[in-house]
Every structure is written in C-alpha cells, then in structure tokens.
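Descriptive structure summary
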Amino acid sequence: MAHFDLDAFFVSVEVLKNSSLKGKPLIVGGDGQRGIVAACSYEARKFGIHSAMPSITAKRLCPEAIFIRGSHADYSHYSRIVTGIISEAVPQFEKASIDEFYCDLSGMDRFFGASEYTRQLREKVMRETGLPISYGLSSSKLVSKMATTEAKPNGFLEIPHGKETAFLWPMTVDKIPMVGKQTEVQLKQMGIHTIQQLAHTPIEVLERAFGKWGKRLWEKAHGIDDNPVEAYSEQKSLSHEDTFSEDSNDLKFLHTQLLKQTEECAYDLRQEEKLTGCVTVKVRYSDFSTVSKQEVIDYTALDNVLFEKVKDLFGKLYRPGEKVRLLGVRFSHLIPMTLQMNLFDRSEEKLELYKTVDQLKNMFGSAMITKAGAMRKKPGNT
C-alpha cells in the first residue's frame, strides 16, 4: 500500500508559478491582518507558523513572511494532472484529498516490484509537474501515511512487512492520525507518551477512557489497519432533479428550480465533507427529448460558485420558448474536503456562512431554511 502526498501543495504550486518565491517564508491564505493560514512553506514553519493559524499571528511570528491569496484554479489544475498520472499507473487508487493519494499495489510484486515501481511513479510525478511529492510504502494505509509524514519534505520511506511496530513505537502518540490535542492530553494524563506505551496498555483500560475509540487506538499502536483503498471514480456523484406537474418555459421559474437543486446538492456535498470538481445540468423538454451538459470546475462546495456554473450550463442548453418538463443538477468528481481547502474557502468568507445555514437546516429541517430566490414554486407566480 502506497501513500503519496504532494509537499506543501498550495505553496509548491505558487513557487512553480514564481520561482523567486523559492526558499522564502511563504503563506497562502490571509493577508497578515485578516484571514487564516491555509498553507505555509517549510521556511515559514520554522517560525512556528502552521495551517489554521490567524494570519495576523503568523505576521507577528514572521514579519518578513510573504502572503499570497492563492488560486483555486491552479490548485485544481495541478491536482488533476497528478490524478491523471496516478490513474494511468496503478490498478486502483483513492484520492483522499486534493493533494493526497492511496495506491493499492496488491499483486504488483509479481510483475514489477512494488518498491521500484513506487519510486518510478514518484519520479514521474515530479518530472511531469515540477512539484515535490513524498510517499510511504507499507502493508497498510495507516502505516504508509505515517511513513509519508516522516519522509517529508520531498522524500520516501518504506516499511517492510513485519517491521511496523519497530517503526511506530519510538514515536509520540500525537503522530497517530486522528489523535487530536484533547486525546493527546488525556493519554499523557494516563502516563502514555509514546506509541509503544500505548501498545502496551490493556485494551480494557483504553476502552474505559475512550469507549470504542480506545480499541482503535490500541490497534493503531500495533500498526493494525485493514481499511481498503476506496477506489476513486469521477462518476460518483450527488444529484437532484424534479419533474414538473406542469411544463414551463417561464425562465424565472426555471432559474428558481435550478437554484433550489443547486442548494440541495451543495448541502449534501457539505454534509458528506466533500468538494465537487464537475457540474452537470440536465434538461428534458415537453416532447421528452433530453439534453445534458457538464463542465469541469475548480474544486468547491460554495453555493454561489456552483449556481453560476449551473446557470451558465443551462443557458447553453436551453432552447428559448420551449417548455421544460424536467430539470436536474449533478455534482461529480467528488473529493474529501480537507482542512486546507476548508480554510482556503474561508478566505472568501462564504463556506462558514453556508455551514451555519446547514446547521440550522439540520435543526429545523431543510424545507424551513432556504434562499429567498428558491421559494418561487409555480410558473407564473410572483
């Protein structure tokens, strides 16, 4: 199992675009006064700067830091290039985020040798994109991901089968994925500082302290992880469509329905902690002829961005004056929403607003909370 991670991805793309930024304390996100750090260079990290930090704090820690707003379009573009390279090279892979991939290399030893093949794939990504990338190779997703972290920046680390605990046990518990600050503090209060100490703690003791999570912590400490690679498919999607009780050529009504469907799909997207990279609009006319059009977009989960694309696609499909029987909206090319992309969207001060509305919908029902523009129900109504 191989885990690939593009090093400081947003920063690396900015350096690729402007080589004069190489070796400098670079921060993507915020402006030094407002906003949140989405990503920072290794040079900036030396000053104690990290993602999710207020940019004003980062500015105070490193006054000479260079702040860049960043570009969704560029990050999406390079992510797709890397996805294409990996998809052509391995039989099955999982796109864990915009810059992170798991590759299932089961059975490849018989033909190529997984170690050599993985190294060649890393070199191909760097050669064809100019971006630094690290990887970890082991028997499981968990150990491979932790190996990648230790290999950074721009390196690789392979953990032979049977050597998992020798690799894991010297590390501190905060190195385990999904162990947050609160869990780390609680473990330390129990006298557990290293992964080896965690591995030697009885499961019953951990379950009393952490419930079901206690057993999972024990398994992680032993390198036990049977989670499979979830095959990435650009066809996986979220969609909503409606057949009208009365066919309509009322453009205001049709736009209202598209807005409603976009809102519903975007809500589903955020509930699943996903971003979409492709939008499809479907139109069925009163004679039952059906047309659809899709376009690749920059990865996002923002209603306003998505609706602009939906309206654009509808405009390219619609035959003026003809009555419409059905409209549909679909989002595909789904990837998980990482912390960095979450923070990057916050720079537009939109995602947090939408998430707050989502919480209200969860409390009171989605039908109770909707945009005013999506409330026009019937053709001809005002």
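Residues numbered from 1 in each chain as written. Predicted model: local features only at pLDDT ≥ 70, side-chain atom pairs only at ≥ 80, totals over all residues. Heavy atoms only, no water.

**Here's the deal with the sheet that holds strand β7 (residues 133–137)**
Taken in spatial order, the five strands line up as β5-β6-β1-β7-β8 in an open sheet, and their pairing is mixed. The sheet is open, and its two edges are formed by β5 (92–97) and β8 (156–158), each paired on a single side. Neighbouring strand axes in the sheet, compared pairwise and without regard to direction, differ in orientation by 15° on average. Across three bridges, the pairing between β7 and β8 is parallel. Bridge pairing in β8 places G136 opposite L157. Strand contacts of helix α5 (residues 114–129): β1 (2–6), β7 and β8, with the helix running at about 165° to β7, the strand carrying the most contacts. (Pairing = 2+ DSSP bridges. Helix = DSSP H or I, 4+ residues; strand = E, 2+ residues; numbered from the N terminus. Axes fitted to C-alpha atoms, helices over the stretch in contact; angles between N-to-C directions. Contact = heavy atoms within 4.5 Å.)

**Side note on the nonpolar core**
Grouped together as the largest cluster of nonpolar side chains are 67 residues, with contacts concentrated most on F9, V90 and F331. Here F331 is in contact with K236, S237, L238, T262, C265, A266, L269, T276, C278, V279 and L306, once residues within four sequence places are set aside. Of all hydrophobic cores here, the second largest spans 21 residues; its members include L142, W169, I195 and A221. (Core = buried A, V, L, I, M, F, W, Y, C linked by side-chain atoms within 4.5 Å. Buried < 20%, exposed > 50% of the residue type's maximum accessible area, 1.4 Å probe, protein only.)

**As for the packing of aromatic side chains**
Aromatic rings considered in pairs are described by the distance between their centres and by the relative angle of their planes. Summed over the entire model, instances satisfying the criterion amount to nine aromatic pairs. Ring centres of F9 and Y75 lie 6.2 Å apart, and the angle between their planes is 55°; on these two criteria the pair is classed as tilted. Of the two residues, F9 is situated in helix α1 (residues 9–17) and Y75 in helix α4 (residues 72–89); the sequence distance between them amounts to 66 residues. Look at F9 and you get buried, because its relative accessible area is 3%. Note on F93 and F101: the rings are 6.5 Å apart at their centroids and 45° apart in plane angle, and the pair reads as tilted. Neither residue differs from the other here; F93 and F101 are each classed as buried. A network of ring pairs unites the aromatic residues F4, Y135 and F156 as a single cluster. Over the ring of Y299 we find R80; its NZ or CZ atom is 4.6 Å from the centre of that ring. (Phe/Tyr/Trp six-rings, centres within 6.5 Å; stacked < 30°, edge-to-face > 60°. Lys NZ or Arg CZ within 6 Å of the ring centre and 35° of its normal.)

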